Amino acid sequence: MLGQVDIRMLDDGEIEHINRVSIKVLSEVGVVVHHDELRRILARNGARVEGECVKLPPQLIREALAMAPKVVRLADRRGKEMLLEEGNLIWAAGHNHYPQVLDLDGSRHPTTVEDAIRMTRLIDTLPRFDVIHVVGGPLQGVPAPVTNLRSIAIFFENSHKHGGACPCEVVDAEFWLDLAEITTKGGDLGREPTISMLVSTTSPLMLDPTASQVMMEAIKRGVPIRGLSGPMAGATTPITLAGTLVLMNAEMIFLVTAAQCVREAAPVIYGGVGAVMNLKTGRISMGSPEFPMLTIAHAQLGRHHQLPTYAPVAVTDATRVDVQAGGEWMIQLIFAMASRLQYSLVSPSVDNGTVTSPEALLLASDFLDIVARVFKGITVSEDTLAHEAIARVGPGGHFLQDQHTFRNLRSGEHHYDGSFERGGSLEPSDAALYRARERINTILSQHVPDVSDAQVEEIERYVDRRSKDLLR
């Protein structure tokens with residue numbers, strides 16, 4: 001069955017070799033940590049600290065990897081539990097860190113508050129996604145000091161789903177943690193992890209003050225960490241893919257070790273987004289074939305450590321929603337599912353993650369539904385083999401009116417949904433992009449977020465209070 005396919009980039013020997021070199025890098029080269037308290041914590045646990053550089057003894061690494069949880073639990077504000085473990089794949093969708101939104105005619109406009117609300121509500125309606133990622137970014141008409149706070153509040157006011165926090169500053173992490181506690185029933189994020197926190201290394205081999213402090217604050221309140229190494233091969237990591245994997249793996253092992261030193265059994269998700277620098281243009285290339293290759297290999301390394309794995313997908317080098325964008329999205333979605341990740345972020349964007357659109361988001365969800373249908377495979381049973389139906393219809397007949405057809409019509413055997421043209425229409429308005437726009441308008445006209453007026457009022461009181469501090 002196709003659903004059982006396991007695509008691999010590395011064999012077991014290659015995984016072991018990469019991991020050995022990663023550990024050698026951590027013990028001999030080290031990671032620069034721009035945070036005094038975190039360096040002291042690591043030193044107390046046996047790390048060698050030389051100025052701002054921290055070197056990890058192999059034994060400390062082994063102990064930390066053994067201590068890290070093999071299963072990470074997430075939740076949403078309705079009480080739904082999601083386990084990041086082998087065999088499960090949680091899908092997230094992201095929005096509004098993009099400075100621009102793409103219109104149907106190919107033009108772009110600055111992201112507005114209304115754009116952020118529409119995107120949040122759209123993701124909230126799509127059953128494929130259990131998590132919404134929010135990164136602070138410019139919102140037209142909102143003063144820069146309060147932009148990130150407003151973006152975070154828009155999420156909490158317009159969705160009940162798990163929040164993928166992506167703080168740009170330490171204060172943003174504080175906003176996330178405070179609002180999550182306000183909106184979570186028990187207010188205990190350790191018991192009800194309704195958000196998870198992104199902590200990203202800076203390649204090569206650095207952890208900046210913000211990432212360090214965010215990690216420590218999240219762990220203190222029991223919030224799972226989504227680790228992320230985001231290199232550019234040829235620029236911030238070696239040009240070779242194997243060398244890039246060495247550094248990605250080293251940076252994630254370091255984060256896991258640091259987290260366990262801060263608190264034993266702190267939940268960490270092993271993440272990575274490995275792109276290449278196009279040395280012909282000098283630009284990052286996220287639509288290259290190397291992008292899914294690094295995703296698959298990095299997931300293999302995470303499984304080697306028995307850690308839940310995470311990666312963003314559905315990005316493209318194309319500057320518009322066109323054949324190139326759709327092809328690169330689909331390739332990445334297929335390989336994300338085949339790689340046995342436990343957590344994948346669908347961040348449908350163009351122009352290397354700088355521009356998005358609601359239509360791109362819905363089309364990515366449609367692509368994902370198709371990929372999921374293929375990976376579900378073909379069910380073989382007495383009923384699906386249809387011997388009795390074949391005998392009833394006989395040679396030269398048809399199955400349109402047979403009871404077997406009626407019984408299986410809505411079984412999911414055939415996939416009919418989505419925005420794609422299936423009827424042979426030549427009208428431009430029936431193209432997928434325009435169908436997506438019509439579906440979005442219908443969806444949003446009928447959708448009311450599952451967030452109470454009382455919670456919205458409480459969120460706004462918090463926003464008003466914190467905004468006054470930020471605007472002083």
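Heads up: the structure comes first, above all this text.
Computed from a prediction, not measured in an experiment: that's the story for all the values here. (Residues numbered from 1 in each chain as written. Predicted model: local features only at pLDDT ≥ 70, side-chain atom pairs only at ≥ 80, totals over all residues. Heavy atoms only, no water.)

Student: Lay out the overall build of the protein with the relevant residues and their values.
Tutor: Looking only at helices and strands, the protein has 16 helices and 21 strands in total. Scaling as 2.2 N^0.38, a compact globule of 472 residues should have a C-alpha radius of gyration of about 23 Å, and the protein matches this with 23 Å. Taken along its principal axes, the extent of the C-alpha atoms in the protein is 80 × 55 × 50 Å. Residue burial in the protein is summarised as follows: out of 472 residues, 53% are buried. (Helix = DSSP H or I, 4+ residues; strand = E, 2+ residues; numbered from the N terminus. Rg over C-alpha atoms; globule rule 2.2 N^0.38 Å. Buried < 20%, exposed > 50% of the residue type's maximum accessible area, 1.4 Å probe, protein only.)

Student: Break down the environment of Gly46 for me, citing the residues and quoting the values.
Tutor: Looking at where Gly46 falls in the secondary structure, it is placed in the loop between α2 (36-44) and β2 (48-50). Judged by its relative accessible area of 38%, Gly46 is partly exposed. The spatial distance from the C-alpha of Gly46 to the C-alpha of Gln59 is 9.2 Å, given a sequence separation of 13 residues. Those residues in contact with Gly46 that sit more than four places away from it in its chain are Pro57 and Leu60. (Contact = heavy atoms within 4.5 Å.)

Student: Lay out a nonpolar patch on the surface in plain terms, naming residues and giving numbers.
Tutor: A cluster of nonpolar side chains, Ile378, Val380 and Leu385, forms an exposed patch at the surface whose accessible area comes to about 340 Å². Here Val380 shows up in the loop between α11 (358-376) and α12 (382-385). (Patch = residues over 30% accessible without salt bridge, like charges linked within 9 Å, V, L, I, M, F, W, Y side chains within 5 Å. Areas by Shrake-Rupley, 256 points an atom, 1.4 Å probe, with all protein chains shown as cover. Salt bridge = Lys/Arg side-chain N within 4 Å of Asp/Glu carboxyl O.)

Student: Tell me about the packing of α2 against helix α7 (residues 209-220), and please be specific about residues and values.
Tutor: For the pair α2 and α7, interaxial distance at closest approach is 9 Å and the crossing angle is 65°. The pairing of α2 with α7 is recorded here as roughly perpendicular in orientation. Taking contact as the criterion, the partners of Glu37, Leu38 and Ile41 in α2 are, on α7, Ser212, Met215 and Met216. When its residues are assigned to classes, the contact of α2 with α7 shows four nonpolar, one polar and one charged. (Axes fitted to C-alpha atoms, helices over the stretch in contact; angles between N-to-C directions. Parallel < 35°, antiparallel > 145°, perpendicular 65-115°, else oblique. Nonpolar A, V, L, I, M, F, W, Y, C, P; charged D, E, K, R; others polar.)

Student: Give a detailed account of the nonpolar core, specifying residues and quantitative values.
Tutor: In terms of nonpolar packing, the biggest core is built from 108 residues, with Met197 and Phe254 touching the most fellow members. At 13 residues, helix α8 (residues 241-262) tops the list of elements feeding residues into this core. (Core = buried A, V, L, I, M, F, W, Y, C linked by side-chain atoms within 4.5 Å.)

Student: An account of the packing of aromatic side chains is requested, with residue identities and associated values reported.
Tutor: Throughout the structure, instances matching the rule amount to seven aromatic pairs. An angle of 45° between the planes, with centres 5.6 Å apart, marks the rings of Phe155 and Trp176 as tilted. On the criterion of sequence distance, the pair formed by Phe155 in helix α5 (residues 147-158) and Trp176 in helix α6 (residues 170-183) is long-range, its members being 21 residues apart. For Phe155, a relative accessible area of 0% translates into the label buried. One aromatic cluster is present, built from ring pairs that chain together Phe155, Phe156 and Trp176. The cationic tip of Arg226 hangs over the ring face of Tyr310; the distance from NZ or CZ to the ring centre is 5.7 Å. (Phe/Tyr/Trp six-rings, centres within 6.5 Å; stacked < 30°, edge-to-face > 60°. Lys NZ or Arg CZ within 6 Å of the ring centre and 35° of its normal.)

Worth remembering: the numbers are spatial, not functional.
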